[in-house]
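Inside the fold
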Amino acid sequence: MRIALAQIVSTPDPEHNLGLVEDEVRAAAAAGARLVVFPEASMCCFGVRLGPVAEPLDGPWAARVRELAAGAGLTVVAGMFTPSADGRVHNTLLATGGGVEAAYDKIHLFDAFGFAESDTVAPGTEPVTIHIDGVTVGLTTCYDLRFPGLFQELGSRGATVIVAPASWGAGPGKREQWDLLVRARALDSTAFLAACDQADPTAVGRDAGRAPTGIGASAVAGPLGTIVDQLDEKPGLLVVDIDPAEVESARKTVPVLANRRF
């Protein structure tokens, strides 16, 4: 299975960001990918009011992503914001195209490092998997990476690939934590982990600001925790071939999902 990670720098303008999505969907399709993963907050970067930006899953932003996915003949996973019933928004992953239509609302909200995502974002409650060409793919978002139980649950539900779109906050030690967590969650779930971060905005001459706006370093880790390939801090498209049979072998060698008690 060929997957692509589209490491972009979102702006506050959803329409502009649709142009970025369009370019990378076409590039991923030209590369033969069956799945292209975009970062968290692809619709609009953090650091602005999200309420006025949020749209329902049948709104124009999601509709355009569906059109792009259908036209390219692949599955797109991209981060957006949808309205919640309590007046906040949901931090949502849209998964569409290639026979897939699903959404995941981020469960673990980033109330850490002095940032309070829950002030404006309502948490999701349910893990979500999708199916692409017979491969089960789990959906997670950014801060979820710090909670191994979710990844083990997705692995127990049959996920052999887990995607983790992110807009990782910069700061001392944060790159080291990112690399460690991506590899650890692959090991926890004995699955391929495809973590697509926002590129570092300073790499394109923009101010990172105080909100979590990305550090780059998007990566694919194998089911035994090795890095298959990784980008640097700049925008780019990472294309990787993965073999789900490696997951079956890893789960026989290190049967942590079968052996776990909690």
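The notes below deal with the structure included here.

Right, let's get into the side chain of Lys174. Counting through the fold element by element, Lys174 comes out in helix 4 (residues 174-189). Buried and without a salt bridge, Lys174 has Asp197 as its closest oppositely charged side chain, separated by 9.1 Å. Excluding anything up to four places from it in sequence, Lys174 contacts Phe113, Arg146, Trp168, Gly169 and Ile215.

What follows is about the sheet that holds strand 14 (residues 227-230). Taken in spatial order, the six strands line up as 9-10-11-12-13-14 in an open sheet, and their pairing is mixed. Every interior strand has two partners, whereas the edge strands, strand 9 (128-132) and strand 14, have only one. In this sheet, neighbouring strand axes are inclined to one another by 20° on average, regardless of whether the strands run parallel or antiparallel. As judged from the three bridges shared by strand 12 (residues 192-195) and strand 13 (residues 219-221), these two strands associate in the antiparallel manner.

It is worth spelling out empty space enclosed by the protein at this point. Counted by the stated rule, this structure contains three cavities of 30 Å³ or more. If you add up the space inside the largest cavity, you get close to 50 Å³. Lining the largest cavity are Phe110, Cys142, Tyr143, Arg146, Ser167, Trp168, Gly169 and Lys174. The residue makeup of the lining of the largest cavity, split by class, is four nonpolar, two polar and two charged. Here the second largest cavity defines a volume of roughly 40 Å³. Every residue lining the second largest cavity is listed: Val9, Ser10, Ala41, Cys45, Phe46, Ser167, Gln198, Pro201, Arg206 and Thr213. Its residues placed into classes, the lining of the second largest cavity shows five nonpolar, four polar and one charged.

Turning our eyes to something else, we now look at the pairing of strand 14. Bridge analysis of strand 13 against strand 14 gives three bridges, and the strand direction is antiparallel. If you follow Val220 over to strand 14, its bridge partner there is Asp229. Once strand 13 ends, the chain turns through five residues before running back antiparallel as strand 14, passing Gly225 with a positive phi of about 85°.

In terms of nonpolar packing, the biggest core is built from 48 residues, with Ile130, Leu139, Leu145, Trp178, Leu193 and Val220 touching the most fellow members. Other than its neighbours up to four places away in sequence, Leu193 contacts Leu145, Phe151, Ile162, Ala164, Val182, Arg185, Ala186, Ala219, Val220 and Ala221. Residues Leu50, Ala78, Phe81 and Val121 belong to the second largest nonpolar core, which totals 32 residues.

A few words on the pairing of strand 3 (residues 75-83). With eight of its nine residues buried, strand 3 lies for the most part within the structure. Relative to strand 3, strand 2 (residues 35-37) runs parallel, the two being bridged by three bridges. Bridging across to strand 3, Leu35 finds its partner in Thr75. Where strand 3 hands over to strand 4 (residues 89-97), the hairpin turn is made up of five residues, of which Gly87 adopts a positive phi near 95°.

Right, let's talk about the packing of aromatic side chains for a bit. In the structure shown here, the tally under the stated rule is seven aromatic pairs. The rings of Phe46, Phe81, Phe110, Phe113, Phe115, Tyr143 and Phe147 are connected pair by pair, giving a single aromatic cluster. Residue placement shows Lys174 over the ring face of Phe113; its charged tip is 4.5 Å from the ring centre.

Cut-offs and rules
Residues numbered from 1 in each chain as written. Predicted model: local features only at pLDDT ≥ 70, side-chain atom pairs only at ≥ 80, totals over all residues. Heavy atoms only, no water. Helix = DSSP H or I, 4+ residues; strand = E, 2+ residues; numbered from the N terminus. Buried < 20%, exposed > 50% of the residue type's maximum accessible area, 1.4 Å probe, protein only. Lys, Arg positive; Asp, Glu negative; His and termini not counted. Salt bridge = Lys/Arg side-chain N within 4 Å of Asp/Glu carboxyl O. Contact = heavy atoms within 4.5 Å. Pairing = 2+ DSSP bridges. Axes fitted to C-alpha atoms, helices over the stretch in contact; angles between N-to-C directions. 1 Å grid on protein atoms, 1.4 Å probe; cavity = no way out; pocket = protein on both sides within 12 Å on 5 of 7 lines; lining within 4 Å. Points joined across faces, edges and corners; volume = space filled by probe spheres on them. Nonpolar A, V, L, I, M, F, W, Y, C, P; charged D, E, K, R; others polar. Core = buried A, V, L, I, M, F, W, Y, C linked by side-chain atoms within 4.5 Å. Phe/Tyr/Trp six-rings, centres within 6.5 Å; stacked < 30°, edge-to-face > 60°. Lys NZ or Arg CZ within 6 Å of the ring centre and 35° of its normal.

Interpretation note: all reported values are geometric properties and have no functional meaning in isolation.
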